[in-house]
Amino acid sequence: MKRILLALFVLLFISGCVDKKRVLNIQNEGLCSAPVATIYLNDIEVKNGDESFHISKEEIRDALTVSLKATKCFRVSIDKRDKESLNVENEYLLDTKAALFREKEISEKNIFKKEIKELLSMTISVYAYNKSKDVSATTKSELVINKSKILGFTTTPEQESDKKMILTNATKKISILLKKGFDKL
């Protein structure tokens, strides 16, 4: 009897796995052969829409630094500079705004099974400027997670990896858009 209950429990646990919408791998590496500008990361503003889905300013700064450097189009610095001390030709301050959003939808499939659909979303906007020129870009990164809960048991969500995936995709997209904006100058 114990073996049957154990087998049933394992079966229910396995069938309650998390299914994530596939996310494209965004390639932003080596878009330029030489840097076109020096970016000084300035203000970062984060609006968190849900306490369980939180990304800090430091995490955004670090991910943005990595993504901008990966393009090989920008030299990136976290040193504080003011607008008047910038070289007009190739130095820019970068202000960043990020908004995080989480939505959860629960539907009951039958008396034993509930389906939980969760949408994690991050919108990021950047504004690069100096005394005479400016470039702006905005993008959105989303992840849809489908979970099943059977008889009250569910797998624990991988929130850290989900958060990292959304942040990485958003900063890679914004680095590509920023490079395109600098191409138009």
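In this text, all values refer to a predicted model and were calculated from it rather than measured experimentally. (Residues numbered from 1 in each chain as written. Predicted model: local features only at pLDDT ≥ 70, side-chain atom pairs only at ≥ 80, totals over all residues. Heavy atoms only, no water.)

Draft legend 1. Focus on the environment of Glu108. Position of Glu108 among the secondary structure elements: in strand E4 (residues 91-108). By relative accessible area, Glu108 is classed as exposed at 57%. Apart from residues lying up to four places away in sequence, Glu108 is in contact with Lys113 and Lys114. (Helix = DSSP H or I, 4+ residues; strand = E, 2+ residues; numbered from the N terminus. Buried < 20%, exposed > 50% of the residue type's maximum accessible area, 1.4 Å probe, protein only. Contact = heavy atoms within 4.5 Å.)

Draft legend 2. Representation of the environment of Phe53. Relative to the elements of secondary structure, Phe53 occurs in the loop between strand E2 (37-48) and helix H2 (57-70). Taking relative accessible area as the criterion, Phe53 reaches 4% and is therefore assigned buried. For the pair Phe53 and Gln159, spaced 106 residues apart in sequence, the C-alpha to C-alpha distance is 7.9 Å.

Draft legend 3. Structural detail: the state of the cysteines. Evaluation of the coordinates by the stated rule reveals 1 disulfide. Disulfide pairing is shown between Cys32 and Cys73; the S-S distance is 1.9 Å. Between Cys32 and Cys73, the disulfide has an S-S torsion of 90° and is therefore right-handed. Linking Cys32 in the loop between strand E1 (18-20) and E2 with Cys73 in the loop between H2 and strand E3 (74-77), this pair joins segments that are 41 residues apart in sequence. Overall, Cys32 belongs to the buried group, its relative accessible area being 15%. (Disulfide = S-S within 2.5 Å.)

Draft legend 4. Summary view of H2. Across its 14 residues, H2 extends 20 Å between first and last C-alpha, which sits within 8% of the 20 Å expected from 1.5 Å per residue. Buried within H2 are the following residues: Ile60, Ala63, Leu64, Thr65, Ser67 and Leu68. Phi turns positive one or two residues past the end of H2, at Lys72, with a value near 65°. (Expected span 1.5 Å × (residues − 1).)

None of this, on its own, says anything about what the molecule does.
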